Amino acid sequence: MRKLTILAAMTLLAIAGCARQERAEMATRAQSELVGMSKKDLLSCAGVPQRQDRVDDLEFLTFVGGGDSVGSAVVTQTSPSTAVATGRTNRRYCEATFVLKDSVVQRVNYQGRTGGLLTKGEQCAFIVENCMKP
């Protein structure tokens, strides 16, 4: 029974890892595929930006998304009947800034704790997923 529980836990972790990898790949693709999109279409699929600014002939629309937390814990046994656990949580998020010129996306930039070593940008997928073609 214990082996079955361990196998099930490993399977769930693998599936979660694949989902994160797919989101990271989507976010990376969005940085090129969304170039050329109109402001109207961007607002239709991504919603209302958290912040916007204009400098000369460029417009900057920033969307904030994600919010997964990744935790880790260390348990130390201090005696046969006592253990101490300490934990740490990192909140992952993304700020996606779309640079527009003449109401057309020119560039997509990501900032924040957007993912892990192998899943950089995965939190940004939550912002752009409705804008991507299937």
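Being a predicted model, the structure only gives us computed values, none of them experimental. Residue numbers restart at each chain and count upward from 1, following the sequence in its written direction. With the structure being a predicted model, the display of local features is reserved for residues of pLDDT at least 70 and the display and counting of side-chain atom pairs for 80 or more, all residues being used for whole-chain, interface and lining totals. To obtain the side-chain values, all non-hydrogen atoms of the structure were used and water was disregarded.

A.B. asks: Go over the confidence of the model for the chain with me, naming the residues and quoting the values.
C.D. replies: What pLDDT expresses is the predictor's confidence in each residue, scored from 0 to 100. With 71% of its residues at a pLDDT of 70 or more, the chain has an overall mean of 80. The low-confidence segment residues 4-18, where pLDDT is below 50, has 0 contacts with residues more than four positions distant or belonging to other chains. Contact definition: two residues touch when any of their heavy atoms are within 4.5 Å.

A.B. asks: Could you give an account of the state of the cysteines, naming the residues involved and the relevant values?
C.D. replies: To count as a disulfide, a pair of cysteine sulfur atoms needs to be within 2.5 Å. Evaluation of the coordinates by the stated rule reveals 2 disulfides. Two residues share a disulfide in this structure: Cys 45 and Cys 131, whose sulfurs sit 1.9 Å from each other. Here Cys 45 and Cys 131 share a disulfide; its torsion about the S-S bond, 95°, makes the bridge right-handed. On the criterion of sequence distance, the pair formed by Cys 45 in helix α2 (residues 39-46) and Cys 131 in the segment after α3 (125-128) is long-range, its members being 86 residues apart. Exposure categories follow from relative accessible area, calculated using a 1.4 Å probe and restricted to protein chains: below 20% of the type maximum is buried, above 50% is exposed, and the middle band is partly exposed. What makes Cys 45 buried here is its relative accessible area of 15%. The class for Cys 131 is buried, based on a relative accessible area of 9%. Bridging Cys 94 to Cys 124, the disulfide has an S-S length of 2.1 Å. Taking the sign of the torsion about the S-S bond as the criterion, the disulfide between Cys 94 and Cys 124, at about 95°, is right-handed. Here a strand is any run of E in DSSP of at least two residues, a helix any run of H or I of at least four, and the numbering for each starts at the N terminus.

A.B. asks: Give me the lowdown on the pattern of salt bridges, citing residues and values where you can.
C.D. replies: Salt bridge, as used here, is a side-chain nitrogen of Lys or Arg placed within 4 Å of a carboxyl oxygen of Asp or Glu. As enumerated under the stated definition, the model contains 6 salt bridges in all. Between Arg 23 and Glu 122 there is a salt bridge, with its nearest N and O atoms 2.7 Å apart. Taken together, the positions of Arg 23 in helix α1 (residues 2-33) and Glu 122 in the loop between β4 (104-111) and α3 put the pair 99 residues apart, joining distant regions of the chain. Across the pair, Glu 122 and Arg 23 agree in class, each one buried.

A.B. asks: Go over unusual backbone geometry, please, and point to the residues and values.
C.D. replies: You will see that Asp 56, though not glycine, has its phi angle at about 50°, which is positive. With respect to the helices and strands, the residue Asp 56 is situated in the loop between β1 (51-55) and β2 (58-79).

A.B. asks: So what's going on with the packing of aromatic side chains? Residues and values would help.
C.D. replies: What describes a pair of aromatic rings is the distance from one ring centre to the other and the angle between the planes of the rings. The aromatic pairing rule takes the rings of Phe, Tyr and Trp, using the six-membered ring of Trp, and pairs them if the centres are within 6.5 Å, calling planes under 30 degrees apart stacked, those over 60 edge-to-face and the rest tilted. In this structure the tally under the stated criterion is 1 aromatic pair. Arranged with centres 5.5 Å apart and planes meeting at 90°, the rings of Phe 63 and Phe 98 form a pair that is edge-to-face. Taken together, the positions of Phe 63 in strand β2 and Phe 98 in strand β3 (residues 82-101) put the pair 35 residues apart, joining distant regions of the chain. For Phe 63, a relative accessible area of 3% translates into the label buried.

A.B. asks: Could you give me a rundown of the nonpolar core, with the residues and numbers involved?
C.D. replies: If you look at the biggest cluster of nonpolar residues, it comprises 20 residues, and the most contacted ones within it are Leu 34, Met 37, Leu 42, Phe 98, Val 105, Tyr 110 and Val 128. Of all the secondary structure elements, the ones that give two or more residues to this core are α1, α2, β2, β3, β4 and α3. The dominant element in this core, judged by the number of residues it contributes, is β3, at 4 residues. Throughout this description, the term nonpolar core refers to a set of buried Ala, Val, Leu, Ile, Met, Phe, Trp, Tyr and Cys residues connected via side-chain atoms within 4.5 Å.

A.B. asks: I'd like a rundown of the side chain of Thr 62, residues and numbers included.
C.D. replies: Along the chain, the position of Thr 62 falls in strand β2. With residues near it in sequence (within four places) discarded, Thr 62 still touches Pro 49, Gln 50, Arg 51, Glu 95, Ala 96 and Thr 97.

A.B. asks: An account of the environment of Ala 46 is needed here, citing residue identities and associated values.
C.D. replies: If you trace the backbone, Ala 46 turns up in helix α2. Residues Ala 46 and Phe 63 lie 17 residues apart in sequence; the distance between their C-alpha atoms is 7.9 Å. Apart from residues no more than four positions distant in its own chain, Ala 46 is found in contact with Phe 63, Ile 127 and Cys 131.

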